[in-house]
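# Structure at a glance
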Amino acid sequence: MRILVVGSGGREHALASAAARSDAVSRVFALPGREGFRNVADVLGGGAPTIDSILAAARSVRADLTIVGPETPLVEGVADLFRSEGVPLFGPVAAAARLEGSKHFAKEVLEASGVPTARSVIVRRRGEIDDALRRIDLPAAVKADGLAAGKGVVIAREESAAREAVDRFLGDDRYDEKGVVVFEECLEGEELSLFALVSGRKYALFPTARDYKRIGDGGKGPNTGGMGAVTPVDRFGAPEAERIGETLFPPLLEELERRGILYEGILYAGIMLTAGGPMVLEFNCRFGDPEAQALLPHLAADAIPRFREVARGEWTDGPFEAAEGVSVCVVLAAHGYPGKPRTGDVIEGIDEAVGEGAVVFHAGTERAPGRWVTAGGRVLNVVAGGSNVAEARRNAYRAAGRIRFDGVRMRGDIGVAGVRG
Ligand code: AMP
Ligand code: GLY
């Protein structure tokens, strides 16, 4: 089978690598991909793809299956387009991807299905903030409605911060459904990323994962796209994952079906493990980045044939089992990240990191004559396994330490249980 992977980050390099390893796959293409993907894929290049350019590429490389990494094309309806043209694609249609595209919609579906989630009110006009402040205690999570690449959530501890966030989100037309803000109670606990392969009412869980979202050790500093990940999460093996999955996927998928929405693809539940049990913070319509980089190389069996089955409306029961031990992904970020990253710094030591037994995924690199240079905020992802988390961390950090570039930034506590992410 010929596979087209859409996207150009570390998650898509991990997807392309998983496809390249699959016995069912003869050739892998990446749109746009990046030079660093050439170890596993034919890189088609170009700018950010549109849903039309994705379809054109799938046709031109005669892809038997297109796998979409990022959310934007899914929310924009790439799966609907492929379906109407009879071209196979793995990923949800726009009506289903809306679970990620609109927090307001996700909240409505969560409430209708009775899945535990934070109490919230919708604010549509500035005047409604007073009512929201009366109904939800501070601190509150204030959320812009549309896709916001991690920048659409403010945890407001004071009334002034809550008002300021509501004003900004209501007045900012970068956010899709301008005029809608979700104002919700703040939940306390550890976060968990739970991924499922979904086809209608059927689902199969992946091993649990956790990402470390803030830039600094101990969860200090601003939010990022993700500075590292671990899988499986300490104390959350397959039985615990099944128990959590049972509290949310069956009622949610039933509610979607009731609304005439058929979800087919990866569904990512962002969960807070509160004292009162697991509660859903958000849904995403694709794999997490960087969770996928830790997770995909650590699966015991080939996932690609199951993605193809879902694209065909077929199904095999059973969860995705993890290989023995633990997998850790450390993100190497550029100087300035998560602000405007500096680019063009020369990178050395990638081969040495691979020589240490790690897998290295490219997220923000570029090829200059004879060398790699930085070309984005999150530059490289270094992934290593071990029989336990301590060993996986040692292996990942030993390999990550081999990679050098000016201004390199990484967290030192990826994989550690109990620290703030
Ligand atoms: P979201 O885009 O909804 O995933 O939010 C991004 C991040 O904001 C989450 O991963 C949490 O770290 C944080 N967050 C969102 N909602 C809440 C909440 N109700 N309570 C506490 N933290 C939250
Ligand atoms: N790791 C968080 C995300 O991909 O949204």
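From a predicted model like this one, the values you see are computed outputs, not experimental measurements. (Residues numbered from 1 in each chain as written. Chains lettered and ligands numbered in written order. Predicted model: local features only at pLDDT ≥ 70, side-chain atom pairs only at ≥ 80, totals over all residues. Heavy atoms only, no water.)

Further remarks concern empty space enclosed by the protein. What the rule picks out here adds up to 3 cavities of 30 Å³ or more. Volume-wise, the largest cavity comes out at about 100 Å³. Mapped by element, the contributors of at least two residues to the lining of the largest cavity are α5 (94–101), α6 (103–113), β9 (181–185) and β17 (277–284). Residue contributions to the lining of the largest cavity peak at 4 residues, all from α6. Counted by class, the lining of the largest cavity contains 6 nonpolar, no polar and 6 charged residues. In this structure, the second largest cavity occupies an estimated 60 Å³ of space. In this structure, the second largest cavity is lined by Leu15, Ile67, Val68, Leu74, Phe90, Gly91, Pro92, Ile266, Cys285, Arg286 and Phe287. Residues of the lining of the second largest cavity, tallied by class, amount to 9 nonpolar, 1 polar and 1 charged. (1 Å grid on protein atoms, 1.4 Å probe; cavity = no way out; pocket = protein on both sides within 12 Å on 5 of 7 lines; lining within 4 Å. Points joined across faces, edges and corners; volume = space filled by probe spheres on them. Helix = DSSP H or I, 4+ residues; strand = E, 2+ residues; numbered from the N terminus. Nonpolar A, V, L, I, M, F, W, Y, C, P; charged D, E, K, R; others polar.)

Time to look at the site of ligand 1. Every one of the 16 residues lining ligand 1 counts as a neighbour, but Glu184, Leu187, Glu191, Lys213 and Glu282 are closest to it. At 2.8 Å from an oxygen atom of ligand 1 is found a side-chain nitrogen or oxygen belonging to lysine 213. Surface burial for ligand 1 is 92%, taken as the share of its 470 Å² of free accessible area covered by protein chains. Elements with a contribution of two residues or more to the shell around ligand 1: β7 (140–144), β8 (153–156), β9 and β17. The residue makeup of the shell around ligand 1, split by class, is 8 nonpolar, no polar and 8 charged. Lining the shell around ligand 1 are residues from two domains, each supplying at least three of them: domain 2 (125–179) and domain 3 (190–311). (Near = heavy atom within 4 Å. Polar contact = N/O pair within 3.5 Å; in protein donor to acceptor, adjacent residues only side chain to side chain. Areas by Shrake-Rupley, 256 points an atom, 1.4 Å probe, with all protein chains shown as cover. Domains from an automatic or database assignment.)

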